[in-house]
Amino acid sequence: MTSLTHVLTKFKTAAGEKSHEHVVEAKPYSNPYYVGVGLGLVLLAAFVIMGRGLGASGALSTVTALTVNTVAPSHAEGNQFYQGYLGDGTTNPLKDWLVFEVLGVLAGGFLSGIFAGRIKVKVEKGPRISSKKRLVFAFLGGALMGFGAKLARGCTSGQALTGGALLNLGSWAFMMAVFAGAYAFAYFMRRQWT
Amino acid sequence: MNAPFYKFGFFSFDVSLIVAFVIGIGFGFMLERGGFGNARILAAQFYFTNMRVLKVMFTAIVTAMIGIFYLSLIGWVDLSLVYLSDTYIVPQVIGGLILGFGFVIGGYCPGTSFVSLATGRYDGLVFALGVVAGIFVFGELFPYISDFFYSTPMGKVRLNEWLGVSYGMIVLAVVLMALGAFAAAEWGEKVMAKKNGGVIE
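Quick caveat, the model's predicted, so the values are computed rather than measured.

A. Seen up close, the overall build of chain A. When helices and strands are tallied, chain A shows ten helices and zero strands. Put simply, chain A runs from its N terminus to its C terminus through helices and strands in the order α-α-α-α-α-α-α-α-α-α. Looking at chain A residue by residue over its 194 residues, the buried ones come to 48%. Here the contacts in chain A between residues at least 6 apart in sequence split such that 58% fall between residues at least 24 apart. Looking at chain A as shown, the accessible area adds up to about 9400 Å², and 67% of this sits on carbon and sulfur atoms.

In structure tokens, the structure reads:
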């Protein structure tokens, strides 16, 4: 136990010194147009190989439904929304396309971050707000996003990106609404970001 | 060529999960490259100081749109087999507005919060937990709001069908719109940079 604490202290000191020395310089983000073409090709690959687009919020819906089902099975059984993600019971709900895709997203984001020296344990925030407040806003924003995404039948990935490329009417209306909502509310949030 | 491959039975469901993981890696990699794992970059979009979100998203949409248009035109992809979600116009617009509020309050969307937490950001992790909480609230309220959820159904409808013009015409219109948006974004960033003393965030 003592040796572990000792190692941890040493590790902390080393990490602290490192940040002073700037051992790994974070590379600037890539050209947005090149990234856009790359992202578009990933989406196109999903269309051609799978016949479907990308997604993100769907995987968290599966996680939510599973949690509810574990805590209160009879409650989940009576709810049509949760049932949609739990399936008929023949296969594990985690054996799901979007769940695997999101695991890939985590891996891909991590890989890119490693290559560019951008892995950093921190809270992203503007200069005028405390980390604690920023985390409260992150949770609230996430909750609104989760609710909104379910109401809209998808998030920025499943609707805006995927439906946008397929010229889906509902997706384009959704995308306009997202930008309208964000720009309309940006003024009230300026202290958090600028 | 018969695509989408999966729909033509080229591989099994289990293999499709491996495909999902690989496609996810590409997706997450590109999001991180674009700066989308950083809430400050994403939020800057809404203050016109950094228009990366618009540039990346619009370029991606245009790339995939032209690709799928071309591949369906030459008959390699059967477009009717590429999943298109049904339009329920009013709930989708209201959902979009709520999501927009959440975007500027929280700084991420679900996909970008995954990349953010994968690169060590606490705010990304907390945001993702918030999304789960929001989905839970939606799930609990679902019996009461399902009438609204299923209101104003329009079925599977594309912009070209809705406007009564050809597929190619809409593709061209979206490309022109994107080029205009890119020009405006580049110009806007320069104006904002001048205002902020020469710094593009």
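B. A look at unusual backbone geometry. For the bond running from Ala3(B) to Pro4(B), omega is 0 degrees, close enough to zero to count as cis. Following the sequence through the fold, Pro4(B) ends up in the segment before helix H1 (13–33). Although it is not a glycine, Leu167(A) sits at a positive phi angle of roughly 60 degrees. If you trace the backbone, Leu167(A) turns up in the loop between helix H8 (156–165) and helix H9 (169–186). Of note, the phi angle at Thr152(B) is positive, near 45 degrees, even though the residue is not glycine. With respect to the helices and strands, the residue Thr152(B) is situated in the loop between helix H6 (122–149) and strand E2 (153–155).

C. Main features of the domain arrangement of chain A. Residue and element names in this part refer to chain A. Taken domain by domain, chain A comprises domain 1 (1–120) and domain 2 (124–194). Tallying the contact residues gives twelve residues for domain 1 and ten residues for domain 2. In this assembly, domain 1 packs against domain 2 so that about 730 Å² is buried in total across both faces, 72% of it on carbon and sulfur atoms. Applying the counting criterion to the domain 1 and domain 2 interface returns zero salt bridges. Along the contact surface separating domain 1 from domain 2 lie three residue pairs in polar contact (both at pLDDT 80 or more). Within the residue set of the side of domain 1 that touches domain 2, elements represented by two or more residues are helix H2 (32–50), helix H3 (57–71) and helix H5 (80–86). Split into classes, the residues belonging to the side of domain 1 that touches domain 2 amount to seven nonpolar, five polar and no charged.

D. Structural detail: H1(B). Here H1(B) contains 21 residues, and its C-alpha end-to-end distance of 30 Å stays within 8% of the 30 Å for a straight helix at 1.5 Å per residue. Elements that come into contact with the buried residues of H1(B) comprise H2, helix H6 (97–116) and H8 of chain A together with helix H3 (52–73) and helix H5 (110–118) of chain B. Positioned one or two residues after H1(B), Gly35(B) has a phi angle of 90 degrees, which is positive.

E. Representation of the packing of helix H4 (residues 89–106) of chain B against H6(B). Residues and elements named next belong to chain B. Where H4 contacts H6, the two axes come as close as 14 Å, and the packing angle between them is 160 degrees. Taken together, the axis directions place H4 and H6 in an arrangement best described as roughly antiparallel. Here the hand of the crossing between H4 and H6 comes out right-handed. Along the contact surface, H4 presents Val 90, Pro 91, Ile 94, Gly 102 and Gly 106, while H6 presents Phe 127, Phe 148 and Phe 149. Here the contact of H4 with H6 is built from residues that sort into six nonpolar, two polar and no charged.

F. Quick look at the layout of surface pockets. Approximately 1200 Å³ is the volume found for the largest pocket. Surrounding the largest pocket, 50 residues form its lining, Arg52(A), Gly58(A), Tyr85(A), Leu98(A) and Tyr83(B) being those nearest its centre. If you tally residues by element for the lining of the largest pocket, the top one is H5(A), at five residues. Within the lining of the largest pocket, the residues separate by chemical class into 21 nonpolar, 20 polar and nine charged.

G. Spatial organisation of the pattern of salt bridges. Counted according to the given criterion, the structure contains nine salt bridges over all chains. What you see here is one network of salt bridges that share partners, running through Lys122(A), Glu124(A), Arg40(B) and Arg121(B).

H. The arrangement of the packing of aromatic side chains in detail. Counted by the stated rule, this structure contains 27 aromatic pairs over all chains. Ring pairs connect the aromatic residues Phe81(A), Tyr82(A), Tyr85(A), Phe147(A), Tyr88(B), Phe138(B), Phe142(B), Phe149(B) and Tyr150(B), which therefore count as one cluster. Directly above the ring of Tyr88(B) sits Arg153(A), whose terminal nitrogen or CZ lies 3.6 Å from the centroid.

Reading the values: rules and limits
Residues numbered from 1 in each chain as written. Chains lettered and ligands numbered in written order. Predicted model: local features only at pLDDT ≥ 70, side-chain atom pairs only at ≥ 80, totals over all residues. Heavy atoms only, no water. Helix = DSSP H or I, 4+ residues; strand = E, 2+ residues; numbered from the N terminus. Buried < 20%, exposed > 50% of the residue type's maximum accessible area, 1.4 Å probe, protein only. Contact = heavy atoms within 4.5 Å. Areas by Shrake-Rupley, 256 points an atom, 1.4 Å probe, with all protein chains shown as cover. Domains from an automatic or database assignment. Buried area = accessible area lost by both parts, 1.4 Å probe. Salt bridge = Lys/Arg side-chain N within 4 Å of Asp/Glu carboxyl O. Polar contact = N/O pair within 3.5 Å; in protein donor to acceptor, adjacent residues only side chain to side chain. Nonpolar A, V, L, I, M, F, W, Y, C, P; charged D, E, K, R; others polar. Expected span 1.5 Å × (residues − 1). Axes fitted to C-alpha atoms, helices over the stretch in contact; angles between N-to-C directions. Parallel < 35°, antiparallel > 145°, perpendicular 65-115°, else oblique. Left-handed = near helix turned anticlockwise from the far one by under 90°. 1 Å grid on protein atoms, 1.4 Å probe; cavity = no way out; pocket = protein on both sides within 12 Å on 5 of 7 lines; lining within 4 Å. Points joined across faces, edges and corners; volume = space filled by probe spheres on them. Phe/Tyr/Trp six-rings, centres within 6.5 Å; stacked < 30°, edge-to-face > 60°. Lys NZ or Arg CZ within 6 Å of the ring centre and 35° of its normal.

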